[in-house]
Amino acid sequence: MTAKVFVVGVGMTPFEKPQSRDWDYPEMVRLAATDALEDAGVDFDLIEAAFAGYVYGESTSGQRAIYEMGLTGLPIYNVNNNCSTGSSALMLAAQLIQGGVINCGLAVGFEKMTKGALDTSSAGRTNPLGRHFETMAAQRGFEKAPPAPQIFGNAGIEHMERYGTTREHFAKIAHKNHLHSTKNPRSQFQDEYTLEEILDSRPIHGPLTMLQCCPTSDGSAAAVVMSEDLVNELGLHDQAVEIAHITMTTDLPSSFEDSAIRLVGYDMSRKAAQQVYDATGITADDVDVIELHDCFSANELITYEALGLCEEGKAGRLIDDNDVTYGGRWVVNPSGGLISKGHPLGATGLAQCAELNWQLRGLADDRQVDGAEIALQHNLGLGGACVVALYRKN
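Everything in this summary refers to the structure shown in the same document. Keep in mind the model is a prediction, meaning the values are calculated, not measured.

### Looking at the pairing of strand β11 (residues 374-381)
Okay, so step 1: Counting buried positions along β11 yields eight of eight residues, so the element is predominantly enclosed.
Okay, so step 2: Alternating residues of β11 divide into Ile374, Leu376, His378 and Leu380 and Ala375, Gln377, Asn379 and Gly381, and every residue in both groups is buried.
Okay, so step 3: Across eight bridges, β11 lies against strand β12 (residues 385-393) in antiparallel orientation. Of the residues in β12, the one forming a bridge with alanine 375 is tyrosine 391.
Okay, so step 4: Connecting β11 to the antiparallel partner β12 that follows it, the hairpin turn spans three residues, and glycine 383 within it adopts a positive phi of roughly 120°.

Next up, the structure:
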């Protein structure tokens, strides 16, 4: 039998506009990690290994950040997996616990970013996204729009062409997530917008407008992960949330064939979700609350289908029927998602983890999903990696 792994404490800073205040990543990590340890009710000395996720930074930024918590000589693993970095750090912690290597680990994610669109240049080296951009250009050309919204916007265009999805469907996703964020004090944006304001905001690419795109952000999130034996020893059952299964997939041959939807990770997401469902015996219908990677509204829409919330081509109906918000079949991105909560790349996966743990522990305040017992996390990075995790109330 596979050893059980639990999240026993989570922490998160507010996500903020880059350069909006005078702080740097060591302080961000200290705040998030301190909150996670206090939430768990344990001291840093109990941590046997730490896993530091970030995309922009030097090779031992993880050490510099975690040294703020104390100098205990523990191993610190620096993790970079594009936008799925935070959940990759969490997965490594879970695997070492599952394998009996450690009993308690700290996963942290952080980012200090610059304003504006993401920098996708590679300083003279082979661009890790080069194959994706070349495929995009061959499929639909390469325009002046920033590459990230262009590649995801093309996926939205394809969904419209194939299934009759409308601009309003994408805008409704952004409307929902901005509305959810008004109840999240850690969200970068907490403003409510009308559907018309979202549709009329600055066009970016395809169906995407500015209010349907995630912002760059500064911030950090953290989780304390523990073995079942240690949970029992410390009497942490009431707050422990089981990671029922966590898995990672990377690009498949289909990613580079003839589909803009598959180019942005649809098949990675579908495969990872199926692995989680197969491993746990739980299906999408059993899930109560979901945090998924809505870097752009188009990605949230296609991910509904990849996660098995509906058949291919039917995501628009889910949106029209209000099945992805409070009162519907699932509440998706109660935090506000990347679109409104913000997207400090290395922290995003652990922020998703934090939100879902708060939901399952009944600590999400005005965002609380009634009766939440099973939660699903989806974190995607182009280039590519997709991490899907399923959490179960202990």
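### Here we look at the sheet that holds strand β1 (residues 5-12)
Okay, so step 1: The 10 strands are arranged β3-β2-β4-β7-β1-β8-β12-β11-β9-β10 in an open sheet whose pairing can be described as mixed. Only two strands of the sheet have a single neighbouring strand rather than two, namely β3 (76-79) and β10 (331-332).
Okay, so step 2: Of the strand pairs in this sheet, strand β2 (residues 49-53) and β3 are connected by four bridges, and their pairing is parallel. Opposite glycine 53, over in β3, you have valine 79 as the bridge partner.
Okay, so step 3: Relative to strand β8 (residues 241-249), helix α10 (residues 266-280) is tilted by about 140°, and along the sheet it contacts β8, β11 and β12.

### With respect to the side chain of asparagine 154
Okay, so step 1: Note that asparagine 154 resides in helix α5 (residues 147-163).
Okay, so step 2: With near-sequence residues (within four places) excluded, asparagine 154 lies in contact with Met136, Arg140, His205 and Ala260.

### Some details on the side chain of threonine 348
Okay, so step 1: Note on placement: threonine 348 falls in helix α14 (residues 345-360).
Okay, so step 2: Setting aside anything within four residues of it in sequence, one finds threonine 348 in contact with His293, Leu338, Gly342, His343 and Asn379.

### Examining the nonpolar core
Okay, so step 1: Ranked by size, the top nonpolar core spans 51 residues in total, and within it Ile290, Tyr304 and Leu376 carry the most contacts.
Okay, so step 2: Among the elements that take part in this core, α10 stands out by supplying six residues, more than any other.
Okay, so step 3: Apart from the residues lying within four places of it in its own chain, the contact partners of isoleucine 290 are Leu307, Leu309, Trp330, Val331, Val332, Asn333, Pro334, Leu356 and Leu376.
Okay, so step 4: Of all hydrophobic cores here, the second largest spans 40 residues; its members include Val7, Ala93, Ala107 and Leu360.

### Quick notes on the packing of aromatic side chains
Okay, so step 1: This model, assessed by the stated rule, comprises five aromatic pairs.
Okay, so step 2: Judged by centre distance (5.1 Å) and plane angle (5°), the ring pair of phenylalanine 51 and tyrosine 77 falls under stacked. Taken as a pair, phenylalanine 51 in strand β2 and tyrosine 77 in strand β3 lie far apart in primary sequence, 26 residues in all.
Okay, so step 3: Members of the aromatic cluster, joined through ring pairs, are Tyr25, Tyr54 and Phe110.
Okay, so step 4: Positioned above the aromatic ring of tryptophan 23 is the side chain of arginine 21, whose terminal nitrogen or guanidinium carbon lies 3.6 Å from the ring centre.

Here is what the cut-offs are and how they apply
Residues numbered from 1 in each chain as written. Predicted model: local features only at pLDDT ≥ 70, side-chain atom pairs only at ≥ 80, totals over all residues. Heavy atoms only, no water. Buried < 20%, exposed > 50% of the residue type's maximum accessible area, 1.4 Å probe, protein only. Helix = DSSP H or I, 4+ residues; strand = E, 2+ residues; numbered from the N terminus. Pairing = 2+ DSSP bridges. Contact = heavy atoms within 4.5 Å. Axes fitted to C-alpha atoms, helices over the stretch in contact; angles between N-to-C directions. Core = buried A, V, L, I, M, F, W, Y, C linked by side-chain atoms within 4.5 Å. Phe/Tyr/Trp six-rings, centres within 6.5 Å; stacked < 30°, edge-to-face > 60°. Lys NZ or Arg CZ within 6 Å of the ring centre and 35° of its normal.

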